[in-house]
Amino acid sequence: MNLPARIGFVLAFAAPLAMAQAPHDQCLTCHQALGDEPSTLFQHDVHFRHGISCADCHGGNRNSEEVEDAMNKSAGYLGVPKGDAISAVCAGCHSSRSKMSQYGSRLPVGQLEMLSESVHGRLAISGKARIVQCTTCHNAHGIVSPKDPSSPVYPLNAPTTCAKCHAQASYMRLYDPALPVDQIEKYRTSVHGIRNAKGDPKTAQCTSCHGSHDIRSAKDAKSSVYATNLPATCAHCHSDAAYMKEYRIPTDQYEKYARSVHGVALMQKKDLGAPACNNCHGNHGATPPGVESISKVCGTCHALNADLFSASPHKRAFDERHLPECETCHGNHEIVPATEQLLGAGRGAVCGKCHTAGESSGGYQTAGLMRSLSDSLLLEEGKATALVEKAEQKGMEVGEARFMLRDVHQSRLESRTMVHAFDRQRFEDVTSKGLKAAAVVSTEAQGALDEYVFRRVGLGIATLIITILAVSLHLYIRKLERKQSHASVT
Amino acid sequence: MNSLLRRAYNWLDERLQLESLVKFMGKKYVPVHRNSVWYYFGGVSLFLFLIQVITGILLLLYYKGSDQLAFESIQFIMSKVAFGWLIRSIHSWAANLFILAVLIHMFSVFFEKAYRKPREITWVTGMLMFFLALGFGFSGYLLPWNELAFFATKVGTDIAGVVPIVGKPLMKFLRGGTDVTGATLSRFFGFHVAVFPGIFTILLGTHLLLVQRQGISEPMGHENQPGSERKTMPFFPNFLLRDLLLWLIVLNVLAILAVFFPWDLGRKADPFASAPSGIKPEWYFLFMFQTLKYLPAKFVFVDGEVLGILGFGAAGLLWLLVPFWDARSARGESNRFLNYMGLFVVVYIIFFTVVGWIA
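What you see is a predicted model, and the numbers here were worked out from it, not measured in a lab. (Residues numbered from 1 in each chain as written. Chains lettered and ligands numbered in written order. Predicted model: local features only at pLDDT ≥ 70, side-chain atom pairs only at ≥ 80, totals over all residues.)

Focus on the interface of chain A and chain B
So, step 1. Across the contact, 18 residues belong to chain A and 19 residues belong to chain B.
So, step 2. Of all the secondary-structure elements, those providing two or more residues to the side of chain A that touches chain B are α26 (399-418) and α27 (424-489) of chain A.
So, step 3. If one sorts the elements of the side of chain A that touches chain B by residue count, α27(A) sits on top with 13 residues. (Contact = placed C-beta atoms within 7 Å. Helix = DSSP H or I, 4+ residues; strand = E, 2+ residues; numbered from the N terminus.)

In structure tokens:
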């Protein structure tokens, strides 16, 4: 049977049967009779359940049995919307609070606006419409609530829905060739992805971190995954004790991180070089680093420290005792600035956790010596800086000494790095270089201060000599003029 | 001791005929009146110029005139060379005091109408030396190659570039290119230590020769007074000894300034850095700089800045040529208009300098 004959059949026999059921929707009646997929799917659609007809989106006359009348373009029939017209049709209701209220919905009404401002709202390569329309993620017919497990945006389905585009290299290349397309693969290896695959809808999936309608590029400062916003995004779940209760993991990571040297640098000083959660845990493949990989993770930034540590005797000792490398001394989320206090065996120092005074390895003594050298360098740097500042305040030119102070500071930074070699000789070499530089700076600055005194004393003597000369000259002029005056009178 | 000095003098006299010079100087008299004090500023200017020459030569022993080394060489002079700090500070302070002394000397001559016939050439040579002194200041300011000097020179040469027709070529000539670079420093150094001193020496020689030849100008009407009321003082040794006394005081003031307010070196110029806020020229250019800031962007069809520069140029020319158009003074008559005009110029300069300084 060809199409006009089928339509004729439907109108003659099936339509009167359908009209007997309320509410009457002639579009659906005919299309059901045709057995097409959209009408089949639409019967499970949340919109169908709320009495919304095909004509509400496609236009036309829902009551007319005549094809020409029902699908008359002059009477408002739209057909299948294309491009931005798709989202515009959805927004006809979804952007109207009053219309949404009529259907008893409390859904937010700004989705299209958010979509338009999002990275998906940019123009597609066609140049005629947005990259993403509502139907791209929610489907066109058979739309169900995101809470419905059959929805493509239900938490368990969202990763697959996003991956339809984001895992397609040929498609993604058109918009952002630099963007990886392996997020879904990484995600499936992450703690979040594994639990999601096992059917846990509470674990984070794409929209939990990136948002849904308002997704922005990770480079956009307004993005929820922009470096400075990311800790708060992770904390949204990980700091919620009630939400995280069943996972039995701590919920104080954010608080600790915010106090840490990394947290302060990133969130307060807005230093984008400082790590956020994802820099250590991974983002799409987020998982806690294992004991054996901590130094590698920290070493991505602290490369020299990691290399020195890996070549040091501590590497083997830590491995044997299953101690996490950097974390054992520095902690994890609450990493405080590494000061001299960490070194040695005294109060606040970490070496004493393992090393004792009576041990044969000499580690305890080495730790004490390194602390002593470190303290000396800090003290000498402070003294030299104070002397330079004092000389500068007195207007003395100590630019060279000021420049050389950098060498002292550099040596101190180097010594902090060299600690990780746990090699007494190498540590002494670095600190002695700094101590020598500090001595030169102090001598130079002290010389300038001595010069300052010398100048004033010199000025006093010069003033005295000049004053004597001036007074003598004045007296001589008076004597001379008296003599001249006497001579002119006589 | 006295006989030894006498013998030395005689030895020199036999060869240089000093006696005739002493006799010539002994016949020279300086008028004494209520404004005699202003006569000393010529001598003070000369003394400060000599200090500039001596300290400048000493600085030349260590200074390196390239953008890579200039700042470091002055840093070296200030911190490593024995008394280098003193020489550099005195050079900088004396430069400013020199311009101040020259300004006072110029205005005293102006108000006394000492430029009147037959001293027109003395005035013109003096004025030209004043312009050269400003040139010394402008070129010397860049030599440390520090941040302030770099940007002030940029602004200064930009202003020169605004002059119609000759402005752009002049700016390019001053800068040695389109921008302030090491080439600018090299030529400013050349102007400062070779070109300007050469011209200045000729002008100074002429100026001093004329002063000696024509004698010191008397105030208007002074020469008409009866001989008994016309007080004078021998130039040698009375006036010269008083000059020496003042020079000693000036020397001490310079030493005090150098020790208590050593001339700051600042930070090395970075052509790629943005200009620091509050860039100002040296104080003696401030009144012109401040005036240009207050001028409207457009004045009828002419740029306000162009008009300002042309205005200052015209005023400078008028000032330079005052002996040739002030006919009343030339006839020995008082010229109140010029007195009020001079007073206005003094007040204007002081007012805008202070405003510029505060701003």
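That covers the picture; the talk isn't over yet.
Side note on the nonpolar core
The tendency in soluble globular proteins is for nonpolar side chains to be buried as a group.
So, step 1. In this structure, L48(B), I90(B), A94(B), F98(B) and W145(B) are the most contacted members of the largest nonpolar core, which totals 59 residues.
So, step 2. At the level of elements, α3 (40-60), α4 (70-79), α5 (84-112), α6 (120-142), α7 (147-162), α9 (182-214) and α10 (235-260) of chain B are the ones that each hand at least two residues to this core.
So, step 3. For this core, the leading source of residues is α5(B), giving 15 residues.
So, step 4. Listed in part, the 35 residues of the second largest apolar core include V297(A), C326(A), C329(A) and L405(A). (Core = buried A, V, L, I, M, F, W, Y, C linked by C-beta atoms within 7 Å. Buried ≥ 20, exposed ≤ 12 C-beta atoms within 10 Å, placed from the backbone.)

So, α26(A)
All names here are of chain A.
So, step 1. In a regular helix each residue adds 1.5 Å, so 20 residues correspond to 28 Å; α26 covers 29 Å between its end C-alpha atoms and thus fits that length.
So, step 2. Residues of α26 that are buried include every one of A401, L405, V408, S411, R412, S415 and M418, and no others. Along the axis of α26, the buried residues cluster in a sector spanning 140°; they form a single face. In α26, those exposed residues whose orientation departs by more than 90 degrees from the buried face are F403, R406 and L413.
So, step 3. Those residues of α26 that are buried lie in contact with α22 (303-310), α25 (363-393) and α27. (Expected span 1.5 Å × (residues − 1). Arc of directions from axis to C-beta.)

Digging into the confidence of the model for chain A
So, step 1. Looking at chain A, pLDDT values average 90 and 95% of them are 70 or higher.
So, step 2. Below pLDDT 50 for its whole length, residues 1-22 of chain A participates in 17 contacts with residues either more than four positions away or in separate chains. (pLDDT = per-residue confidence, 0-100.)

Some remarks on the packing of α3(B) against α10(B)
Residues and elements named next belong to chain B.
So, step 1. At a minimum axis separation of 10 Å, α3 and α10 run at an interaxial angle of 55°. Between α3 and α10, the angle is such that the two are oblique. Seen along the crossing, α3 lies across α10 with a hand that is right-handed. When α3 is examined against α10, the residues Y40, G43, V44 and F47 are found in contact with a partner set consisting of D243, L246, W247 and V250. (Axes fitted to C-alpha atoms, helices over the stretch in contact; angles between N-to-C directions. Parallel < 35°, antiparallel > 145°, perpendicular 65-115°, else oblique. Left-handed = near helix turned anticlockwise from the far one by under 90°.)

Some remarks on unusual backbone geometry
So, step 1. In this model, K117(B) is joined to P118(B) through a cis peptide bond whose omega is 15°.
So, step 2. Position of P118(B) relative to the elements: it lies in the loop between α5 and α6.
So, step 3. Residue K270(A) is not a glycine yet carries a positive backbone phi of 55°.
So, step 4. Within the secondary structure layout, K270(A) lies in the loop between α19 (261-268) and α20 (277-281).

Points about the environment of H238(A)
All names here are of chain A.
So, step 1. Relative to the elements of secondary structure, H238 occurs in helix α16 (residues 230-238).
So, step 2. By C-beta crowding, H238 is classed as buried, having 20 other C-beta atoms within 10 Å.
So, step 3. Separated by 14 residues in the primary sequence, H238 and D252 place their C-alpha atoms 8.0 Å from one another.
So, step 4. Apart from the residues lying within four places of it in its own chain, the contact partners of H238 are M244, T251, Q253 and Y254.

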